[in-house]
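Each chain, letter by letter, is given below.
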Amino acid sequence: MHPEELFIGGEWATPSSAQRIEVISPHTEEPVAAVAAACPDDVDRAVAAARAAFDTGPWPRMDPAERVAVIRGLAERYGERRSELAELITAQIGAPISFAQRAQVGLPWTMMSAFCTLAENHPWQQTRAGMYGADVHVRREPVGVVAAIVPWNMPQFLIVTKLIPALLAGCTVVLKPAPESPLDALLLAELIADSGIPSGVVNVLPGPAGVGERLVRHPGVDKVSFTGSTAAGRAVAAAAAAGLKRVSLELGGKSAAVVLSDADPAAVATAVRSASLSNSGQICNALTRILMPAGRAAEFTDALAAEMESLVIGDPTDAETQIGPLVARRQQERVRGYIEAGCAEGARLVTGGPGLPAGVDRGWYVQPTLFADADNSMRIAREEIFGPVLTVIPYPDEDAAVAIANDSDYGLAGSVFTADTERGLAIAARIRTGTFGVNQGYTMDPFAPFGGVKGSGYGRELGPEGIDAYTDVKSISVAPASTT
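Residues numbered from 1 in each chain as written. Predicted model: local features only at pLDDT ≥ 70, side-chain atom pairs only at ≥ 80, totals over all residues. Heavy atoms only, no water.

Caption draft 1: The overall build of the protein, seen in detail. Along the backbone of the protein there are 15 helices and 22 strands. Against the globule reference of 23 Å for 484 residues, the protein gives a C-alpha radius of gyration of 23 Å, in line with a compact fold. Projecting the C-alpha coordinates of the protein onto the three principal axes gives extents of approximately 80 × 60 × 40 Å. When each of the 484 residues of the protein is scored for burial, the buried share is 58%. Relative to all contacts within the protein whose residues are 6 or more apart in sequence, the contacts with residues 24 or more apart total 72%. (Helix = DSSP H or I, 4+ residues; strand = E, 2+ residues; numbered from the N terminus. Rg over C-alpha atoms; globule rule 2.2 N^0.38 Å. Buried < 20%, exposed > 50% of the residue type's maximum accessible area, 1.4 Å probe, protein only. Contact = heavy atoms within 4.5 Å.)

Set out below in structure tokens:
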């Protein structure tokens, strides 16, 4: 890696300022590394490089099959460095190494190949008959220079879901990783430098929030793809609107798991634990509102509590660890505040609490916490906590369950658990979210579009829709041949 430099124009460049980002281990609370921090002048340099690569370079003008071949080569190099990438992510954000290997790095690696398969079969150009006898050629062309801004919680997954479809579409990219997780992005830049991707097509700028703001407002940027909080997403949308930039926003969530009375408690507990508490609950599509039938709520709650109490908490570098620390002290304090609010509002604390887990004396840890007998008006039921806190809400009948699930400012994901798949599909159709699972937490399938509605944003990533998000559609009408 090149911690003292930025990746601009295909080269490792000296930053314009002496500012540095200190990366702190959430487990030890000690420094892991320090890297160069970009400043506004560096944004201008990176956008200029991306603009030149798009306007006059070869990448947007390649046949899509040529771009696919280059990205498949990048995926091969990526696979060779998976262990190193996973270790960096664990060091930066405290994700358990088993989760980092499987989801933080393994999933993005497989998605690279899946995106290439999608691109090979994408309708880049079609011809259709026009109404007046002309042939209409419909082309999907790259949208231009993309600002890709990602958070810290799933850094490689979120980078890959933006960067790879944009590249396959023929775009050029300025990538801004979060200041909490710059190391894996710099290693990815190293792989890109050796991949055959032309200079300027990808630029990587670790930096503070101001770097992202400069990117969003920059006149040389054509599209912004942002993942983060709903509050930040609103600011991004407003800033991008001034320049009529295309925008994709993947924002917060407060997803509901609707447990029907015919579901199996043990199966529900296992699925909810996986979908809700992986990465210490720091996942935007986590199932954090657990809606249970009032007549069986105690049984389902006991099963979920037992599952949560069995989790192994501790050193994220230990392969046996299932729950690591939160990313930062501010996040630990935020989550503890929500736990205290849940108790103050009258929810019943079933397990966990605001204190450190047993046997832990340092690090930004929070106990996996379960509340029961909650009401959907409570803060713990309405606001995104982004930590290992689940809230059980009882409901009297199926219509009430649907109403509670829909009574949210968010609409990212959700799930239903039932022995009757058709009944589950009927429930799924009634709940207003962008994504949904039946008898599972929502699965991040590279062939299925992912995104939200309401306060969870707009636009879609993954699937062919994720490639289309980086294209403009052009129609070319060709007059019929003269018959004279």
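After presenting the structure, the write-up continues.
Caption draft 2: Summary view of the domain arrangement of the protein. Per the domain assignment, the segments making up the protein are domain 1 (4-250 + 451-473) and domain 2 (254-436). At the junction of the two partners, domain 1 supplies 29 residues and domain 2 supplies 34 residues. Approximately 2,600 Å² of surface area, both sides summed, lies buried where domain 1 meets domain 2, with 54% of it carried by carbon and sulfur atoms. When the buried surface of domain 1 facing domain 2 is broken down by residue, His-27, Trp-152 and Lys-454 rank first, second and third, together holding 25% of it. At the junction of domain 1 and domain 2, the tally comes to two salt bridges. Remark: the boundary between domain 1 and domain 2 carries 16 residue pairs in polar contact (both at pLDDT 80 or more). Contributions of two or more residues to the side of domain 1 that touches domain 2 are made by helix 3 (82-93), helix 4 (97-120) and strand 20 (453-454). With four residues, the single largest contributor to the side of domain 1 that touches domain 2 is helix 4. Among the residues making up the side of domain 1 that touches domain 2, the classes are represented as ten nonpolar, 13 polar and six charged. (Domains from an automatic or database assignment. Buried area = accessible area lost by both parts, 1.4 Å probe. Salt bridge = Lys/Arg side-chain N within 4 Å of Asp/Glu carboxyl O. Polar contact = N/O pair within 3.5 Å; in protein donor to acceptor, adjacent residues only side chain to side chain. Nonpolar A, V, L, I, M, F, W, Y, C, P; charged D, E, K, R; others polar.)

Caption draft 3: Structural context of the packing of helix 2 (residues 64-80) against helix 6 (residues 183-193). Two elements in contact, helix 2 and helix 6, have axes whose closest approach is 10 Å; the angle formed by their N-to-C orientations is 135°. When the axes of helix 2 and helix 6 are compared, the pair comes out oblique. Regarding helix 2 and helix 6, the two cross each other, and that crossing is right-handed. From helix 2, Leu-74, Arg-77 and Tyr-78 reach across to helix 6, where they touch Leu-188, Leu-191 and Ile-192. Of the residues assigned to the contact of helix 2 with helix 6, the class counts are five nonpolar, no polar and one charged. (Axes fitted to C-alpha atoms, helices over the stretch in contact; angles between N-to-C directions. Parallel < 35°, antiparallel > 145°, perpendicular 65-115°, else oblique. Left-handed = near helix turned anticlockwise from the far one by under 90°.)

Caption draft 4: View of the sheet that holds strand 14 (residues 348-351). Ordered in space as 14-15-16-13-12-18-19, the seven strands form an open sheet in which the pairing is mixed. Edge positions in the sheet fall to strand 14 and strand 19 (437-438), since each has one partner strand and no second. In the sheet, strand 12 (residues 255-259) pairs with strand 18 (residues 414-417) via four bridges, with the strands oriented parallel. Within the sheet, the bridge partner assigned to Val-258 lies in strand 18 and is Val-416. The sheet contacts of helix 9 (residues 265-277) involve strand 12, strand 13 (287-293), strand 16 (389-395) and strand 18, and relative to strand 16 the element is tilted by about 135°. Helix 13 (residues 398-406) contacts strand 12, strand 13 and strand 16 of the sheet and is inclined by roughly 145° relative to strand 16. (Pairing = 2+ DSSP bridges.)

Caption draft 5: Region of interest: helix 4. Given a rise of 1.5 Å per residue, 24 residues ought to cover 34 Å, and the 33 Å separating the end C-alpha atoms of helix 4 matches this to within 8%. Roughly 40° is the biggest bend found in helix 4, and it falls at Gly-106, with proline Pro-108 one to four residues downstream. (Expected span 1.5 Å × (residues − 1). Bend = angle between axes of the 7 residues up to and from the residue.)

Caption draft 6: Geometry of the UniProt feature "active site" (unreviewed entry) in the protein. Residues given the UniProt feature "active site" (unreviewed entry) here are Glu-250. Residue position: Glu-250 is located in strand 11 (residues 246-250). Excluding residues within four positions of it along the chain, Glu-250 makes contact with Leu-158, Phe-226, Thr-227, Gly-228, Cys-284, Leu-412, Phe-450, Ser-456 and Glu-461. (UniProt positions renumbered as here; feature names shortened; annotations may be inferred.)

Caption draft 7: Looking closely at the side chain of Ser-415. Relative to the helices and strands, Ser-415 is located in strand 18. At a separation of 3.0 Å, a polar atom in the side chain of Ser-415 contacts the main-chain carbonyl oxygen of Gly-437. With near-sequence residues (within four places) excluded, Ser-415 lies in contact with Ala-256, Ala-257, Val-258, Leu-287, Phe-436, Gly-437, Val-438, Asn-439, Gln-440 and Gly-441.

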